[in-house]
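Architecture at a glance
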Amino acid sequence: MSEKKETFVIFGNPVAHSKSPQMHNAGFENIDYDGVYKKHHLEDGNTIKEVFLENNYEGANITVPHKEFAYENADEVRGLANEIKAVNTYINEDGKVIAYNTDAPGFLYAIESFGEIKKVLLLGAGGTAKAISLALQQSDIDVTVLNRSEGKLSFFKEHNIKSSTWENFVPEEYDLIVNSTSAGLKDEYLPCPEEILNQVLKTACCAFDCVYGKITPFLAKAKENGLKIKDGEDMLLYQGVLAFEYFTKANTDESTIEVMRKALKDN
Ligand SMILES: NC(=O)c1ccc[n+]([C@@H]2O[C@H](COP(=O)([O-])OP(=O)(O)OC[C@H]3O[C@@H](n4cnc5c(N)ncnc54)[C@H](OP(=O)(O)O)[C@@H]3O)[C@@H](O)[C@H]2O)c1
């Protein structure tokens, strides 16, 4: 084995469940890239830059709960991540830590299979909703954020994105309904009151859930209403593919994307 093998990691807490290593290692193998991708359990997000550099990592992905810390600690933040203020990818450029957010473009790739989407209702106002709403806004897609509570809505107001709580919501007709809440991840809750959902599902054509690997109550209901549905697997795949391109400094061909997709499905 070459001593120069480049090391990549995913930082998270917890990180044991992450499928990123199997996805990236399969990609490296497919293109004969001399890299290895591991899990790095990180307790204190404030140490992320120093841990990254001390270990001579070439690149990293960052997951819950460190995306905001990773943003604050980077030497340079590129692209939409400057607005989102959270990053999921680090690259070591000659000892400087360069940061990107690939969740946002990953989401846009994932919804391409729905065809043309002009108007979106986005359920949830957490970190994922920030990334998705800015990605949609930048693509000139009309987006409204609907959240359970008021607290997180100031970000959207500052960015001229329509937002509302359940109480104040006046439904319109949307093409796509997106669940970016954690409702349905480990429970059987719907992401908003059933009356609201029934109304917006009547006119929408498509439903997307950021949760992956299961049919959530939200997706089940959308399917009952005849909508095209999609879980979050492609979003996870494409954020990974885009990070992989930063890691390897090359475009990813279809065969590598398929290998990475298959690796994600493996247990
Ligand atoms: N597929 C992918 O690649 C991918 C990538 C990133 C995230 N995700 C998934 O996206 C989801 C959100 O992640 P995040 O990082 O944005 O989380 P987060 O920052 O913790 O935000 C959670 C959001 O969910 C809402 N919420 C939680 N429980 C709810 C419930 N029972 N009913 C209605 N709303 C509820 C919260 O509302 P309040 O403000 O009222 O608390 C908040 O808006 C998670 O399921 C995560 O696994 C998937």
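The shown structure was predicted, so the numbers you read here are calculated from the model rather than taken from an experiment. (Residues numbered from 1 in each chain as written. Predicted model: local features only at pLDDT ≥ 70, side-chain atom pairs only at ≥ 80, totals over all residues. Heavy atoms only, no water.)

Quick look at the site of the ligand
As a reminder, the rule being used: The criterion for a residue being near a molecule or strand is simple. One of its heavy atoms has to lie within 4 Å of it. Definition of a polar contact: a pair of N or O atoms within 3.5 Å, with one able to donate and the other able to accept a hydrogen when the atoms are protein atoms, and with sequence-neighbouring residues admitted only if both atoms are side-chain atoms. Residue-level accessible areas treat just the shown protein chains as cover; the underlying method is Shrake-Rupley with a 1.4 Å probe. Definitions used for this entry: grid spacing 1 Å over protein atoms alone; cavity, a set of points where a 1.4 Å probe fits but cannot get out; pocket, an open set with protein on both sides within 12 Å along at least 5 of 7 lines; lining residue, one with an atom within 4 Å of a point. Pocket or cavity membership: a molecule qualifies when more than half of its atoms sit within 2 Å of the grid points of that site. By definition, any uninterrupted DSSP run of H or I lasting at least four residues is a helix, any uninterrupted run of E lasting at least two residues is a strand, and each is numbered from the N terminus. Ten residues, namely Ala, Val, Leu, Ile, Met, Phe, Trp, Tyr, Cys and Pro, are considered nonpolar, four, namely Asp, Glu, Lys and Arg, are considered charged, and the remaining ones, Gly among them, are considered polar.
Lining the immediate environment of the ligand, one finds 23 residues, of which A125, T128, N147, S149 and K152 sit closest. Between R148 and the ligand, the recorded distance is 2.9 Å, taken from a side-chain N or O atom to an oxygen atom. At 3.4 Å, a backbone N or O of S182 approaches an oxygen atom of the ligand. Notes on the ligand: free accessible area 940 Å², of which the protein chains cover 78%. Because more than half of its atoms lie within 2 Å of the grid, the ligand is assigned to the largest pocket. Where the shell around the ligand is concerned, the elements lending two or more residues are helix 6 (127-138) and helix 10 (233-248). Here the shell around the ligand is built from residues that sort into 11 nonpolar, 10 polar and 2 charged.

Description of the packing of helix 10 against helix 11 (residues 254-265)
Quick note on the threshold: Under this scheme, a helix contributes an axis fitted over its contacting stretch, all axes are lines through C-alpha atoms, and angles between N-to-C directions fall in the 0 to 180 degree range. Should an angle fall under 35 degrees it is called roughly parallel, over 145 degrees roughly antiparallel, and 65 to 115 degrees roughly perpendicular, with every other angle called oblique. The hand of a helix crossing depends on one turn: near helix anticlockwise from the far one by less than a right angle means left-handed, and clockwise means right-handed. Two residues qualify as a contact provided that any one of their heavy atoms is within 4.5 Å of a heavy atom in the partner residue.
Direction vectors running N to C along helix 10 and helix 11 enclose 130°, while the axes themselves pass 10 Å from each other. With respect to helix 11, the element helix 10 is oriented oblique. Every pair of crossing elements has a handedness; the one defined by helix 10 and helix 11 is right-handed. Along its contact with helix 10, which presents E233, D234, L236, L237, Y238, G240, V241 and F244, the element helix 11 presents T256, I257, M260, R261, L264 and K265. Split by residue class, the contact of helix 10 with helix 11 holds 8 nonpolar, 2 polar and 4 charged.

Some details on the domain arrangement of the chain
Formally: All domain edges in this entry derive from an automatic or database-based domain assignment. Buried area: the accessible surface (1.4 Å probe) lost by two parts on joining, summed over both. Counted as salt bridges are all cases of a side-chain nitrogen of Lys or Arg within 4 Å of a carboxyl oxygen of Asp or Glu.
Annotation of the chain at the domain level lists domain 1 (6-101 + 234-265) and domain 2 (105-231). Averaged C-alpha coordinates put domain 1 and domain 2 at centres separated by 26 Å. Taken residue by residue, the interface counts 10 residues in domain 1 and 19 residues in domain 2. Both faces combined, the contact of domain 1 with domain 2 buries some 1300 Å², and carbon together with sulfur accounts for 73% of it. Applying the counting rule to domain 1 against domain 2 returns 1 salt bridge. A salt bridge links D234 to K230; the shortest N-O distance between them is 2.8 Å. Broken down by secondary-structure element, the contributors of at least two residues to the side of domain 1 that touches domain 2 are helix 4 (81-84) and helix 10.

Considerations on the packing of aromatic side chains
Let me state the cut-off plainly: Whether two aromatic rings pair depends on their centres lying within 6.5 Å, for rings of Phe, Tyr and Trp, where Trp uses its six-membered ring; planes under 30 degrees apart make the pair stacked, over 60 edge-to-face, and the rest tilted. A ring has a charge above it when a Lys NZ or an Arg CZ is no more than 6 Å from the ring centre and no more than 35 degrees off the ring normal.
What the rule picks out here adds up to 13 aromatic pairs. The ring of F155 carries the charged tip of K130 above its face, separated from the ring centre by 5.0 Å.

Structural notes on the pattern of salt bridges
It is possible for side chains of opposite charge to pair when their charged atoms get near one another. Under the convention used in this document: For every residue, the accessible area (1.4 Å probe, protein chains only) is compared with the maximum for its type, and the residue is labelled buried under 20%, exposed over 50%, or partly exposed between those bounds.
In the structure shown here, the tally under the stated rule is 14 salt bridges. A salt bridge links K67 to D103; the shortest N-O distance between them is 2.8 Å. Of the two residues, K67 is situated in helix 3 (residues 67-73) and D103 in helix 5 (residues 103-111); the sequence distance between them amounts to 36 residues. On the basis of relative accessible area, D103 is assigned to the buried category, the value being 12%. The closest approach of N and O atoms between E172 and K119, which form a salt bridge, is 2.5 Å. Of this pair, E172 sits in the loop between strand 9 (162-165) and strand 10 (176-179) while K119 sits in strand 7 (residues 119-123), and the two are 53 residues apart along the sequence. In this structure E172 comes out as partly exposed when scored by relative accessible area, which is 40%. The network of salt bridges with common partners includes K230, D234, E258 and R261.

Observations concerning the layout of surface pockets
Worth spelling out the cut-off: Grid points are joined across faces, edges and corners, and a volume is the space filled by probe spheres set on the points.
The volume enclosed by the largest pocket comes to roughly 1600 Å³. As for the largest pocket, its lining consists of 50 residues, of which V64, K67, T128, S182 and L185 are closest to the centre. For the lining of the largest pocket, the secondary structure elements donating two or more residues are helix 1 (20-30), strand 3 (59-62), helix 3, helix 6 and helix 10. Class assignment for the residues of the lining of the largest pocket results in 22 nonpolar, 19 polar and 9 charged.

Here we look at helix 6
Cut-off, in case you're wondering: Given a helix with a known number of residues, its expected span is that number minus one, times 1.5 Å.
Taking 1.5 Å of rise per residue, the 12 residues of helix 6 would be expected to cover 16 Å, and the 17 Å separating its terminal C-alpha atoms lies within 8% of that figure. Within the span of helix 6, buried status applies to A129, A131, I132, S133, L134, A135 and L136. With its phi angle positive at about 60°, D140 sits one or two positions after the end of helix 6.

Some details on the sheet that holds strand 5 (residues 89-93)
Selection criterion: Strands were regarded as paired on the criterion that DSSP finds at least two bridges between them.
Spatially, 2-1-3-5-6-4 is the arrangement adopted by the 6 strands of the open sheet, whose pairing is mixed. Either end of the sheet is taken by a strand with one partner, and the two such strands are strand 2 (35-41) and strand 4 (76-77). In terms of strand pairing, strand 5 meets strand 6 (residues 96-100) through 5 bridges, oriented antiparallel. Bridging from a neighbouring strand, Y90 pairs with A99 of strand 6. Strands strand 1 (6-12), strand 2, strand 3, strand 5 and strand 6 of the sheet are contacted by helix 10, whose axis makes an angle of about 5° with strand 5.

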